[in-house]
Amino acid sequence: MRIAVIGAGIAGLSVAAGLQRDGYDVTVFEQRPEPSPVGAGLTLFRNACDALDMMGLGDSVRAVSGTDIASMRTGQRDPAGSWLIAVPPSTVASMRSVHRSELHHTLSSHLFPGTVHAGQTARVAADGTPRVTIGERAEEFDLVVVADGIRSTNRKVLGLDTGLRYAGYTAWRGVTHRPVNIGGEAGETWGRGQLFGIVPLPDHRVYWYATANLPAGTDFPDEHQAVRDRFAQWHAPIQECLAATPRAAVLRHDVYDLSRPLETFTRGRTVLIGDAAHAMTPNLGQGAGQGIEDAATLTLLLRDVDTSELDRALTSYSDLRLNRTSTILHRSRTAGRVAQAAHPVTVSLRNTVLRLIPGRLMGAMSQRIQHRPCPGPR
Ligand SMILES: Cc1cc2nc3c(=O)[nH]c(=O)nc-3n(C[C@H](O)[C@H](O)[C@H](O)COP(=O)(O)OP(=O)(O)OC[C@H]3O[C@@H](n4cnc5c(N)ncnc54)[C@H](O)[C@@H]3O)c2cc1C
């Protein structure tokens, strides 16, 4: 079976590697001239790691990621550094952190040379016929997998788009260029309408992220200075992390999610995965994880099928994935509202509740998302 994948992000590379490993003839089209993107860090929870294992990719991702956070105190703090809630170590025991470019590189290394065609902007057929058009050239496949990200143009071509919603806040991200001693404490610090997150990377560098409620499209002449100023009075080692990050390595993106979950992930022999299917806010750290789950589910459902069984497998994929990803999309949005609360009364109430609820309850909620999601091998 010939399969086209549009987009060489985490979801596209994962499904391409999984399907190629199972013997399918896979071609990946990526619009960027350089397949490997810049980027900061990423956390992967147990569900993502289980899904990578199902595609035979887990060991190599484990080799470039770390679990340092498992031995640290983590949860939510206030800007002065007092813990609002600390989650039990079991919640983060299997959480891994990785530099995005290393994850991309590792996933790409599973593909045969020449699989990724960079600098190729691909368009699907509106009726779901498995055809990819690049410029004036059209190529037929047995299946097209659309993994072209949150601003998927192909989702629109297929008539499946529900539009994007600005979440009301922007996010800076960075990775320190040298190790920073974070004193065995990681996690998030929640203020009024802004937060700061600290994640240890395997080489003792630190991946950090910061958010602030701002109108969409706000511009800063110097992003590095903007984030330093905004968190100037917050607890250590926030300023140390920012000082150890080169100015050019600070990224910022306004945060969007899908305004409504899609009604289906398939149209004919064309199927959506990753952010193209279910872009969500980053508050649960599940966006890429869900894209990897999509990839594993599709890979398992397509294992040993021939083209006559394809339609049934695609319907199963859509049914299996819609419910779970819609639930996580909504939960992530709610988590974002709580984390980004700005009114002093709401923030005071939120912080009081966090101080009162047992960390194990918070841990149990997170564990429910991390349960093994994919159908077993056929
Ligand atoms: C601040 C922030 C923090 C986050 N933290 C986490 C985290 O800790 N854990 C986690 O799991 N998730 C996290 N996420 C979410 C995660 O980054 C995304 O869910 C994930 O990267 C999406 O991967 P993807 O492959 O679906 O899409 P993308 O990574 O967007 O890849 C899409 C690819 O398709 C290409 N493309 C687009 N259009 C075309 C076309 N027409 N033809 C060919 N190629 C095309 C693009 O160039 C791109 O390479 C975070 C997101 C944000 C914003």
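Scroll up for the structure.
For the structure given in this document, a descriptive report is provided here. (Residues numbered from 1 in each chain as written. Predicted model: local features only at pLDDT ≥ 70, side-chain atom pairs only at ≥ 80, totals over all residues. Heavy atoms only, no water.)

### What to know about the site of the ligand
No. 1: Taken together, 31 residues sit near the ligand, with Glu30, Arg32, Thr43, Arg100 and Asp275 positioned nearest.
No. 2: Protein contact buries 86% of the 1,000 Å² of open area that the ligand shows by itself.
No. 3: Considering each element in turn, the shell around the ligand owes the most residues, 3 residues, to helix H10 (residues 287–302).
No. 4: Tallied by class, residues from the shell around the ligand come to 11 nonpolar, 14 polar and 6 charged. (Near = heavy atom within 4 Å. Areas by Shrake-Rupley, 256 points an atom, 1.4 Å probe, with all protein chains shown as cover. Helix = DSSP H or I, 4+ residues; strand = E, 2+ residues; numbered from the N terminus. Nonpolar A, V, L, I, M, F, W, Y, C, P; charged D, E, K, R; others polar.)

### Focus: the side chain of Ser14
No. 1: Relative to the elements of secondary structure, Ser14 occurs in helix H1 (residues 10–21).
No. 2: Its relative accessible area of 0% is what places Ser14 among the buried residues.
No. 3: Leave out the neighbours within four places in its chain, and Ser14 touches Met55, Leu57, Leu107, Ile292 and Ala295. (Buried < 20%, exposed > 50% of the residue type's maximum accessible area, 1.4 Å probe, protein only. Contact = heavy atoms within 4.5 Å.)

### Description of unusual backbone geometry
No. 1: Going from Ala236 to Pro237, the amide bond is cis rather than trans, its omega being 5°.
No. 2: By the secondary structure assignment, Pro237 is in the loop between helix H7 (223–230) and helix H8 (238–243).
No. 3: A positive phi is found at His204, a non-glycine position, where the angle reads about 70°.
No. 4: Locating His204 in the fold gives a position in the loop between strand E14 (194–200) and strand E15 (206–213).
No. 5: Positive phi values are uncommon outside glycine, yet Asp304 reaches one of about 65°.
No. 6: With respect to the helices and strands, the residue Asp304 is situated in the loop between H10 and helix H11 (310–339).
No. 7: Classification of Asp304 by relative accessible area gives exposed; the value is 72%.

### Quick look at the pattern of salt bridges
No. 1: Per the counting criterion, the structure on display carries 22 salt bridges.
No. 2: For Arg2, the salt bridge goes to Asp25, with nearest N and O atoms at 3.8 Å. Of the two residues, Arg2 sits in strand E1 (residues 2–6) while Asp25 sits in strand E2 (residues 25–30), which places them 23 residues apart along the sequence.
No. 3: The partly exposed category is assigned to Arg2, whose relative accessible area is 29%.
No. 4: The partner of Asp22 in a salt bridge is Arg303, with the nearest N and O atoms 2.8 Å apart. You can see Asp22 sitting in the loop between H1 and E2 and its partner Arg303 sitting in the loop between H10 and H11, a full 281 residues away along the chain.
No. 5: A residue is classified by how much of its surface remains accessible, and Asp22, at 27% relative accessible area, is partly exposed.
No. 6: Among the charged side chains, a salt-bridge network with shared partners connects Arg2, Asp25, Arg137 and Glu139. (Salt bridge = Lys/Arg side-chain N within 4 Å of Asp/Glu carboxyl O.)

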